[in-house]
Amino acid sequence: MSATTLDSPAKTAAPRWSSDAVAALLALPFPELMFRAQSVHRAHFNPAEVQISTLLSIKTGGCPEDCGYCPQASSYETGTKASKLLALDTVLAEARAAKEKGAQRFCMGAAWRSPKDHDLENVCTMIEGVKAMGLETCVTLGMLSAPQSDRLKAAGLDYYNHNLDTSPEYYGKVITTRTYQDRLDTLENVRNAGINVCCGGIVGMGEDAADRAGLIATLASLPTPPESVPINALVAVEGTPLAGSEPIDAIAFVRVIAAARITMPTSFIRLSAGREAMSDEAQALCFLAGANSIFHGEKLLTTKNATVNHDEALFEKLGLQPLAG
Ligand code: SAM
Ligand code: DTB
Ligand code: SF4
């Protein structure tokens, strides 16, 4: 691999980052990879500041999709109880509590393949109410058409989360009910509507380093890279097809964070699901590798998150501070 390929993405030819170039980053000696990631991070961000988001599942379970990692798919016996869309008052009370605990962004997730238009109207009302509290808004509702994306923009939505999850090559091993192209089409609709894109993936699903490189290269080579990139470590849930997956090695996970930071220098890289099972030392390495966003709060969507007390102690130990809202 030539030094030029490692130092910078191709200037003329698409894609902006090839899988091979990202694979070469992932394979760097760890000190070299961390140095590069930190250099890029410090050129664009204060390394002591971390963006804080809070998640709420506004519609849980009963999903017709077959994502192999997901406890909310109706075809798996995971003990997740399906619920209807939450009432507006309930959502607003949760958002108020999140703001009091220091959240800057409130993310609402629904276990849908794609939203029905009347559900979308209800979500738009939630977005308006949460925004009126001075919080940024993010929703993740599954696949969106162009008109649905425009409707969310009109309601004032700041971010839409829609993950590519893994490499194009590994995708079919994890999900069969929709294609990679379906995901890319929704991302294009969201981008064209003028909504910020939150898009990342999951590691620890049995994929190899080439797949991790393929995911990062695809994200970094989108026409405009996502403003927010959640990197999730699989939360292996009993009853899902991926329940028996070997947990990802902490250093391999940190390498993915570093590669995301280097290839998407101005994006927020979110150390997302999986923190509950991570040591303080592993999380500290993620922050050193350029992660600068987390989900804060006792719960993710259906699974446990790192506790609020633990996060406060960790931030204190590391001298980190929440990004001002
Ligand atoms: N149904 C919508 C969709 O799939 O886009 C929105 C909700 S879905 C739960 C949001 C994301 O959560 C998924 O794309 C996946 O990346 C992540 N996720 C779901 N289950 C997970 C798990 N067990 N571990 C880590 N991440 C998970
Ligand atoms: C993302 O990338 N991770 C969050 C959020 N976007 C919606 C979801 C994590 C879900 C973990 C499993 C659960 O709690 O159900
Ligand atoms: Fe449904 Fe989203 Fe879970 Fe897939 S990840 S099963 S689409 S809730």
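Residues numbered from 1 in each chain as written. Chains lettered and ligands numbered in written order. Predicted model: local features only at pLDDT ≥ 70, side-chain atom pairs only at ≥ 80, totals over all residues. Heavy atoms only, no water.

Asker: Any chance you could explain the side chain of Gln 72 here in plain terms?
Answerer: Its location among the elements puts Gln 72 in the loop between β1 (49-59) and α4 (88-100). Residue class for Gln 72 comes out buried when judged on its relative accessible area of 7%. Ignoring sequence-local partners within four residues, the contact set of Gln 72 consists of Ser 57, Lys 59, Thr 60, Gly 61, Gly 62, Cys 63, Ala 111, Leu 301 and Thr 302. (Helix = DSSP H or I, 4+ residues; strand = E, 2+ residues; numbered from the N terminus. Buried < 20%, exposed > 50% of the residue type's maximum accessible area, 1.4 Å probe, protein only. Contact = heavy atoms within 4.5 Å.)

Asker: What's the story with helix α10 (residues 250-263) in this structure? I'm lost.
Answerer: The periodicity of an α-helix, 3.6 residues per turn, causes residues three or four positions apart to be oriented the same way. Look at α10: 20 Å from first C-alpha to last across 14 residues, which is about the 20 Å you get at 1.5 Å a residue. For α10, the N-terminal cap is Asp 249; the gap from its side-chain oxygen to the backbone nitrogen of Ile 251 is 3.1 Å. (Expected span 1.5 Å × (residues − 1). Polar contact = N/O pair within 3.5 Å; in protein donor to acceptor, adjacent residues only side chain to side chain.)

Asker: Teacher, can you tell me more about the environment of Thr 176 here?
Answerer: Relative to the elements of secondary structure, Thr 176 occurs in the loop between α7 (168-174) and α8 (180-192). Residue Thr 176 is classed as exposed on the basis of its relative accessible area of 60%. Counting along the chain gives 110 residues from Thr 176 to Asp 66, while the straight-line C-alpha distance between them is 6.6 Å. Side chain to side chain, Thr 176 and Asp 66 meet in a polar contact 2.4 Å long.

Asker: Is there a simple way to think about the site of ligand 1 in this case?
Answerer: Of all residues adjacent to ligand 1, which total 17 residues, the nearest are Tyr 69, Asn 163, Asp 165, Arg 183 and Val 235. Contacts to ligand 1 include Tyr 69, whose backbone N or O atom sits 3.0 Å from a nitrogen atom. For ligand 1, whose free accessible area comes to 550 Å², the fraction covered by protein is 90%. Residue composition of the shell around ligand 1, grouped by class: nine nonpolar, six polar and two charged. (Near = heavy atom within 4 Å. Areas by Shrake-Rupley, 256 points an atom, 1.4 Å probe, with all protein chains shown as cover. Nonpolar A, V, L, I, M, F, W, Y, C, P; charged D, E, K, R; others polar.)

Asker: When you look at helix α3 (residues 30-44) in this model, what are you seeing that I'm missing?
Answerer: Given a rise of 1.5 Å per residue, 15 residues ought to cover 21 Å, and the 22 Å separating the end C-alpha atoms of α3 matches this to within 8%. For α3, every residue scored as buried is listed here: Leu 33, Met 34, Arg 36, Ala 37, Val 40 and His 41. All buried residues of α3 lie within an arc of 165 degrees about the axis, which places them on one face of the element. α3 presents Pro 31, Phe 35, Arg 42 and Ala 43 as exposed residues on the side facing more than 90 degrees away from its buried surface. (Arc of directions from axis to C-beta.)

All we've got here are geometric facts, nothing functional implied.
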